[in-house]
Amino acid sequence: MLNQWMRWIGLGAVGAAASLAGCGSGGSSDPTDNTVSTNTLTAEQVQGIWRGSLSADEVNTVILPDGQAWAVVTHTDGSRELWQSDKLQPAGSTLQGDGKRYTFSLTSNSVAVSNFGLTVTAATPKTSVTASTNSGTQNWPLSLTIYDTRYDTPANFNEWIGNWQTQNGTAKVTWTVSGTEVGQRSLTGVGSGTGQDDCTYNGTLRTRNENKAVLDVNLTQTCSSVNIVFKGIGIMSSSTRASLTLVTQDAQSAALLALTR
């Protein structure tokens, strides 16, 4: 079972910046119609940090060039979900993928997990992505209309170096990013307060092959000698704000972490 901090941190702390895309720098102003034909749609053409809507709810999404998709859905009641898909693959005139949907409870220390499907039907690179989703017997349209150009700026490890913190009530983790290894930095954390007194965190931030703003994250949480392994992505939105969006190795839970300093 995850401890309280890993389940809850980020749900209230992420705020207006959301967990992934944050306040983007706006969509493309190029009026040229460069919509990609669905006959040639590839994951590389829909990659980026995006904002848009999943039905009536706000969504912040990262699509990586290998086809992985990470979407944080914010409902009108303030609750959030993480939708994380496997690599999108060409399927006829579309891109399709399956994944896990993590629903964070506002009233209990729990995360509900279910399956979902994602189908990308059309895209204009760096301008818009049109898709549909399904989970169980329900279906929702997904429209990504704001591309964040921050995605195209390579992550700068010098800006990550130093101390950060995440806090939820009396539960706090102090993080340190350090190291000089090419393409990688150490990520460690020490917990304090309710539910965190016996917890430590050890992992890495790594650059990806495409050399964009998104980093790969691997993290092991150790509480009372019990280890839980996470993997996911990390993005810095400013010199004082960053986010880690993570799922457990067994895909049975997730965490949205808002880092500040």
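Only a predicted model underlies this, so the values are computations on that prediction, with no experimental measurement involved.

> I tried to follow the overall build of the chain on my own but got confused; where do I start?
In terms of helices and strands, the chain carries 3 helices and 17 strands. Per-residue burial over the chain gives 48% buried out of 261 residues. Taking contacts inside the chain between residues at least 6 apart in sequence as the whole, the part at least 24 apart equals 48%. Accessible surface, the chain as shown: approximately 11300 Å² in total, 48% of it carbon and sulfur.

> How should the nonpolar core be read in this particular structure?
Among soluble globular proteins, nonpolar side chains are generally buried collectively. Of all hydrophobic cores here, the largest spans 38 residues; its most connected members are Val46, Leu82 and Val120. Of all hydrophobic cores here, the second largest spans 24 residues; its members include Leu187, Tyr201, Leu257 and Leu259.

> How should the environment of Leu219 be read in this particular structure?
Within the secondary structure layout, Leu219 lies in strand β14 (residues 215–223). Given the relative accessible area of 1%, Leu219 is considered buried. For the pair Leu219 and Tyr201, spaced 18 residues apart in sequence, the C-alpha separation works out to 6.7 Å.

> Can you walk me through the confidence of the model for the chain in this structure?
Low-pLDDT stretches of the model should not have their predicted coordinates read in fine detail. Scored by pLDDT, the chain has a mean of 88; 85% of the residues are at 70 or more. Note on residues 7–32: pLDDT under 50 across the span, and 79 contacts to partners over four residues away in sequence or across chains.

> Looking at this model, I keep getting lost on the packing of aromatic side chains. Mind explaining?
Any pair of aromatic rings gets described here by the distance separating the centres and the angle formed by the planes. In the structure shown here, the tally under the stated rule is 5 aromatic pairs. Ring geometry for Trp50 versus Tyr147: centroids 5.1 Å apart, planes at 70°, classification edge-to-face. Pair noted here: Trp50 is in strand β1 (residues 48–54) and Tyr147 is in strand β9 (residues 138–148), with a separation of 97 residues, a long-range link. Residues Trp175 and Tyr201 carry aromatic rings whose centres are separated by 5.2 Å and whose planes lie at 45° to one another, so their mutual orientation is tilted. Within this pair, whereas Trp175 is found in strand β11 (residues 171–178), its partner Tyr201 is found in strand β13 (residues 199–206), the two being separated by 26 residues in sequence. Of the two residues, Trp175 and Tyr201, both sit in the buried class. Clustering of aromatic rings is evident, with ring pairs tying together Trp83, Phe116 and Trp140.

> I keep staring at the state of the cysteines and nothing clicks. Help me out?
Every disulfide links exactly two cysteines, by a covalent bond between their sulfur atoms. One pass over the structure, following the stated rule, counts 1 disulfide. The disulfide that involves Cys199 links it to Cys223, with 2.1 Å between the sulfurs. On the sign convention where negative is left-handed, the bridge of Cys199 and Cys223, at about 120° about the S-S bond, is right-handed. One end of the pair, Cys199, is in strand β13; the other, Cys223, is in strand β14, with 24 residues separating them in the sequence. The exposure class of Cys223 is buried, given its relative accessible area of 12%.

> I'm lost on unusual backbone geometry in this one. Help?
Backbone phi values are negative for most residues with the exception of glycine, while trans is the configuration of most peptide bonds. Phi is positive for Lys126, close to 65°, though the residue is something other than glycine. Along the polypeptide, Lys126 turns up in the loop between β7 (111–124) and β8 (128–135). Of note, the phi angle at Ser224 is positive, near 50°, even though the residue is not glycine. With respect to the helices and strands, Ser224 occurs in the loop between β14 and β15 (226–238).

How each quantity is defined
- Residues numbered from 1 in each chain as written.
- Predicted model: local features only at pLDDT ≥ 70, side-chain atom pairs only at ≥ 80, totals over all residues.
- Heavy atoms only, no water.
- Helix = DSSP H or I, 4+ residues; strand = E, 2+ residues; numbered from the N terminus.
- Buried < 20%, exposed > 50% of the residue type's maximum accessible area, 1.4 Å probe, protein only.
- Contact = heavy atoms within 4.5 Å.
- Areas by Shrake-Rupley, 256 points an atom, 1.4 Å probe, with all protein chains shown as cover.
- Core = buried A, V, L, I, M, F, W, Y, C linked by side-chain atoms within 4.5 Å.
- pLDDT = per-residue confidence, 0-100.
- Phe/Tyr/Trp six-rings, centres within 6.5 Å; stacked < 30°, edge-to-face > 60°.
- Disulfide = S-S within 2.5 Å.

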